[in-house]
Amino acid sequence: MGYQPLLLLLLICMPFILAQEISNRAIAIDGGRAIAETDDNFICATIDWWPHDKCNYNDCPWGYSSTMNLNLSHPLLAKAVQAFTHLRIRIGGSLQDQVLYNVPSMKSPCHPFWKNKDGLFGYSTGCLHMYHWDALLHFFQRTGVIITFGLNALNGRQRSKGGAWVGPWNSTNAHDFIKYTISKQYKIDSWEFGNELSGSGVGAHVDVIQYGKDLIKLKGIINQLYENSHPKPLLLAPGGFYDQNWFTKLLQVTGSGVVNALTHHIYNLGAGNDPSIVSRIMDPDYLSKIEVTFSSLQQCIQKTGPWSSAWVGESGGAYNSGGHLVSNTFVNSFWYLDQLGQSAIYDTKVYCRQTLIGGNYGLLNTTTFNPNPDYYSALLWHRLMGKRVLSVSSVGSPFLRSYAHCSKGRSGVTLLLINLSKQSSFILKVQNSMNNNLHTVGDVVHEDSSFVNRLKKTVHWIGSRESGRQLRREEYHLSPKDGYLRSQTMLLNGKRLGISDKGNIPSLEPVFVQLDSPLYISPMSIAFIVYPNFDAPACK
């Protein structure tokens, strides 16, 4: 019985097996201690404020996906969110610092955004009606969403030269909005202050000392209004691109216990119309460059603000709405899952993907609400990868990237493998570094070698031997349809992922494989491997 799943995997992988070369590699997972820890709900997605006429490069990919006009009654939206059980959603984006909240105390007319060449990002201020806020929160309650809301941090300030906004923050509208939300007994997990106003900013920036003073004021408002609530919502800031000096100064100005999490944004693949996006995604050296940011922020928090933590508050890979037929295709999952893996190693607690829906980088198609490939990647991570991060050691090709976590909600370990190579398949010997030393296995098998004989030499054992039953692992192999990297169709273990005939999100079923059978990963593919019996004291 155990040979049937293996045979199925070999048939799935056969076109790649017959490709150019197969390499044996060794990977060791240290289950003795966790090197970092994420939040229980690490996976997060955003809902933005962009109206339907937001366009880049003659492409207008936002449709009706805004906080202001999202179709909350679409059946696929609820099902896509509920598949996560508790999906963290951050409401925010470029226009959030131009949003007013139509609470009873607001006297001016409440109107949507409109094009205004003199406005920030080419738009006027906009207004959120409370009936729509109610509808959003009812939807979130019904679908189990954990909510982060980004507040307008420019209200009351004056625009100055060079994109600077000066003067103190006018907190009245935000205060009354938070008070209204509490009065309706809506639960907000965290409030975020401003969007991309740190450092030199994007479109606008605020001096760090003034920004810090305003954060202290907002913390006081939260403590006052939530006086009888335990726990109180978190306060997040600054929701901008990481600037070491600015972030360090912010922690110094605000002091202990004010900022619960430092949120930063990542768009490290370039502009959405850049023809080099795919080559950057497939370049392991390029992917690793972001480690500098993760590491520096981790050190900043450890040295200056150990009461705080790091969140990626917004990350879409390519900026200006993402890359058409790149960000919404299989190839983007190489970047996305690698980002999740790298950020977790550096103690990032939450990673918010731009977007849940909207733009070219949405997890869901803006028009049909059908899942794009990255939706399934996010869902598999959310279901399989627990919060404790483990160290992984490997020898060999930089194109094979690996990350390991304690499995979520059960014993054992889950290994994420990303094969960026266009030519090399890998047969892997996975070891528990508590019990085995990692040995270099560097031989390369070419087409004229015996694949079957090579498989017989790669048997491995992980876990404690249990008499009377056979140990197995679970494998989830992700690949693009027809081997086309920019396909919008993802395959799981060779089967197409898509909405069922009854309109449901597909179940993501693994292939069960005998523990001592070879582990094989094809070129340009991704795999989650679950070892339920892995001996890992860090996971107990």
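See the structure printed just above.
Now for a description of the structure that goes with this document. The model shown is predicted, which means the values in this text are computed figures rather than measured ones. Throughout this description, residue numbers start from 1 for each chain and increase along the sequence as written. Since the coordinates come from a predicted model, pLDDT governs what is reported: local features require at least 70, and pairs of side-chain atoms require 80 or more to be given and counted, while whole-chain, interface and lining totals use all residues. To get the side-chain values, all heavy atoms of the structure are used, and hydrogens and water are removed first.

Moving on: the overall build of the protein chain. Secondary structure summary: the protein chain contains 12 helices and 27 strands in total. Taking all 540 residues of the protein chain together, 59% fall into the buried category. A separation of at least 24 residues holds for 78% of the contacts in the protein chain among residues at least 6 apart in sequence. Accessible area of the protein chain: about 21500 Å², with a carbon and sulfur share of 50%. A run of H or I in DSSP becomes a helix once it reaches four residues, and a run of E becomes a strand once it reaches two; helices and strands are each numbered from the N terminus. For each residue, the accessible area found with a 1.4 Å probe, counting protein chains only, is set against the maximum for its type, and the residue is called buried under 20%, exposed over 50%, and partly exposed in between. Should any heavy atoms of two residues lie within 4.5 Å, those residues are considered in contact. Surface exposure here means Shrake-Rupley accessible area, sampled with a 1.4 Å probe, where a residue is shielded only by the protein chains that are shown.

In this section: the packing of aromatic side chains. What counts as a ring pair is set by centres within 6.5 Å for rings of Phe, Tyr and Trp (its six-membered ring), and what kind of pair is set by the plane angle: stacked under 30 degrees, edge-to-face over 60, tilted for all other angles. Tallying each qualifying case throughout the model produces 26 aromatic pairs. Plain terms: the ring middles of Trp62 and Tyr361 are 6.0 Å apart, the flat faces sit at 75° to each other, and that makes the pair edge-to-face. Taken as a pair, Trp62 in the loop between strand 3 (43-47) and helix 2 (75-82) and Tyr361 in the loop between strand 16 (348-353) and helix 11 (373-384) lie far apart in primary sequence, 299 residues in all. The two residues Trp62 and Tyr361 agree in class, both being buried. Taking the centre distance of 5.8 Å and the plane angle of 70° together, the rings of Phe149 and Trp191 count as edge-to-face. Taken as a pair, Phe149 in strand 7 (residues 146-151) and Trp191 in strand 10 (residues 190-193) lie far apart in primary sequence, 42 residues in all. The pair Phe149 / Trp191 is uniform in exposure class, with both members buried. Any Lys NZ or Arg CZ found within 6 Å of a ring centre and within 35 degrees of that ring's normal is scored as a charge over the ring. Here Lys54 stacks its cationic end above the ring of Trp50, 4.2 Å away from the centre of that ring. One cation-aromatic arrangement involves Arg353 over Tyr336; the distance from NZ or CZ to the ring centre is 4.7 Å.

Negative phi is the rule for most residues except glycine; trans is the rule for most peptide bonds. For the peptide bond that leads from Ala237 to Pro238, omega is 0°, which places it in the cis range. Within the secondary structure layout, Pro238 lies in strand 11 (residues 234-240). The linkage connecting Gln354 with the following residue, Thr355, adopts the cis geometry, with an omega of 5°. In this structure, Thr355 sits in the loop between strand 16 and helix 11. Despite not being glycine, Tyr57 shows a phi value in the positive range, around 55°. If you trace the backbone, Tyr57 turns up in the loop between strand 3 and helix 2. In the Ramachandran plot, Phe121 falls in the positive-phi region, its phi being about 60° despite a non-glycine side chain. Among the structural elements, Phe121 can be located in the loop between strand 5 (99-102) and strand 6 (126-129).

A few words now on the nonpolar core. Ranked by internal contacts, the top residues of the largest apolar core, which has 133 residues, are Trp133 and Phe334. Those residues within four positions of Phe334 in sequence are excluded, and the remaining contacts are Ile281, Met282, Ile418, Asn419, Leu420, Leu485, Met524, Ser525 and Ile526. Remark: nonpolar core denotes a set of buried residues (Ala, Val, Leu, Ile, Met, Phe, Trp, Tyr, Cys) joined through side-chain atoms within 4.5 Å. Counting residues in each nonpolar core, the second largest holds 23 residues, with Leu417, Leu471, Ala527 and Ala538 among its members.

Here we take up the pattern of salt bridges. Throughout this description, the term salt bridge denotes a Lys or Arg side-chain nitrogen within 4 Å of a carboxyl oxygen of Asp or Glu. Under the counting rule described, the total for this entry stands at 15 salt bridges. Its salt-bridge partner being Glu37, residue Lys387 comes within 3.9 Å of it at the nearest N-O pair. Of this pair, Lys387 sits in strand 17 (residues 385-395) while Glu37 sits in strand 2 (residues 36-37), placing them 350 residues apart in sequence. Among the residues examined, Lys387 registers a relative accessible area of 29% and is labelled partly exposed. Lys117 serves as the salt-bridge partner of Asp118, at 3.6 Å between the closest nitrogen and oxygen.

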